[in-house]
Amino acid sequence: MTDTGNLTIDRVQSAKTAFLEVLSAKRSLELDITSCEEIDLSGLQLLVSLLRSSLSGSGKVSFRGAPTEAFNAVLLTAGVIESPCGSAEEVEEKIKAVL
C-alpha cells in the first residue's frame, strides 16, 4: 500500500512520477487516503487520471482507508459528491461515476 501523503500542486508532479512507475510495471497501486490532510484540485485531478488509466488496463488502482475531511472537501468543491464519503470504496465509486 502506498501512502498518498498530501496532494497539493507543489507535490503532485513527484507523486505522479512515483505512482506511474508502479502502474507502468503493471502492478497494483493501492493508495492509502487516510493521511491525505491536504489536497487541492490538482491532487484530485491526479487521482482521477490514475483511475482512468487503470480502467484502460494500465494496472489496478484502488483506494484504502477513510477519506479525511480535506479529501471530502475537495470532492465536494469539484462537484464529485453531494455529501461526504465514509469509505475509500465510496470515493472510488463516486470518482469512477464521473469518468
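Scope of this entry: the structure provided in the associated data block. (Residues numbered from 1 in each chain as written. Predicted model: local features only at pLDDT ≥ 70, side-chain atom pairs only at ≥ 80, totals over all residues. Heavy atoms only, no water.)

## Digging into the environment of R64
Next up, step 1: Position of R64 relative to the elements: it lies in strand 3 (residues 61–64).
Next up, step 2: Residues R64 and R11, 53 residues apart in the sequence, show an inter-C-alpha distance of 20 Å.
Next up, step 3: Here R64 is in contact with M1, E30, L31, D32, I33, T34, A88, E89 and E92, once residues within four sequence places are set aside. (Helix = DSSP H or I, 4+ residues; strand = E, 2+ residues; numbered from the N terminus. Contact = heavy atoms within 4.5 Å.)

## Section: the environment of R11
Next up, step 1: Within the fold, R11 resides in helix 1 (residues 9–24).
Next up, step 2: Note: C-alpha distance between R11 and G43 (32 residues apart in sequence) is 8.3 Å.
Next up, step 3: Not counting chain neighbours up to four residues away, the residues in contact with R11 comprise T4 and N6.

## Quick word on the sheet that holds strand 3
Next up, step 1: Spatially, 1-2-3 is the arrangement adopted by the three strands of the open sheet, whose pairing is parallel. Here the strands that pair on one side only, and so sit at the sheet edges, are strand 1 (2–3) and strand 3.
Next up, step 2: The sheet contact formed by strand 2 (residues 29–32) and strand 3 spans four bridges and is parallel. Note that in strand 3 the partner of L29 across the bridge is V61.
Next up, step 3: Its contacts with the sheet place helix 1 against strand 1, strand 2 and strand 3, and it is angled at close to 150° to strand 2.
Next up, step 4: Those strands touched by helix 2 (residues 41–55) are strand 2 and strand 3, and its axis lies near 130° from that of strand 3. (Pairing = 2+ DSSP bridges. Axes fitted to C-alpha atoms, helices over the stretch in contact; angles between N-to-C directions.)

## Some words on the packing of helix 1 against helix 2
Next up, step 1: Axis separation between helix 1 and helix 2 bottoms out at 9 Å; the angle between their running directions is 15°. With respect to each other, helix 1 and helix 2 are oriented roughly parallel. Between helix 1 and helix 2 the crossing geometry is right-handed. Here I9, V12, A15, K16, F19, L20 and L23 of helix 1 come into contact with helix 2, specifically with S42, G43, L46 and L50. (Parallel < 35°, antiparallel > 145°, perpendicular 65-115°, else oblique. Left-handed = near helix turned anticlockwise from the far one by under 90°.)

## Considerations on helix 1
Working note: α-helix, 3.6 residues per turn, so residues spaced by three or four point in the same direction.
Next up, step 1: The first and last C-alpha atoms of helix 1 sit 23 Å apart over 16 residues, in line with the 22 Å expected at 1.5 Å per residue.
Next up, step 2: Within helix 1, the axis deviates most sharply at A15, by approximately 25°.
Next up, step 3: Where the residues of helix 1 are buried, they touch strand 1, strand 2, helix 2 and strand 3. (Expected span 1.5 Å × (residues − 1). Bend = angle between axes of the 7 residues up to and from the residue.)

## Brief notes about the pairing of strand 2
Next up, step 1: Pairing geometry for strand 1 and strand 2, over two bridges, is parallel. Bridge pairing in strand 2 links T2 to L31.
Next up, step 2: Regarding the hand of the β-α-β motif, the stretch spanning strand 2, helix 2 and strand 3 is right-handed. (Right-handed = clockwise from strand over helix to strand, strands pointing away.)

## Looking at a negative patch on the surface
Next up, step 1: Negative charge collects at one region of the surface, where D10, E37, E38 and E69 lie side by side.
Next up, step 2: Here D10 shows up in helix 1.
Next up, step 3: On the basis of relative accessible area, D10 is assigned to the exposed category, the value being 69%. (Patch = residues over 30% accessible without salt bridge, like charges linked within 9 Å, V, L, I, M, F, W, Y side chains within 5 Å. Areas by Shrake-Rupley, 256 points an atom, 1.4 Å probe, with all protein chains shown as cover. Salt bridge = Lys/Arg side-chain N within 4 Å of Asp/Glu carboxyl O. Lys, Arg positive; Asp, Glu negative; His and termini not counted. Charge placed at Lys NZ, Arg CZ, Asp CG, Glu CD. Buried < 20%, exposed > 50% of the residue type's maximum accessible area, 1.4 Å probe, protein only.)

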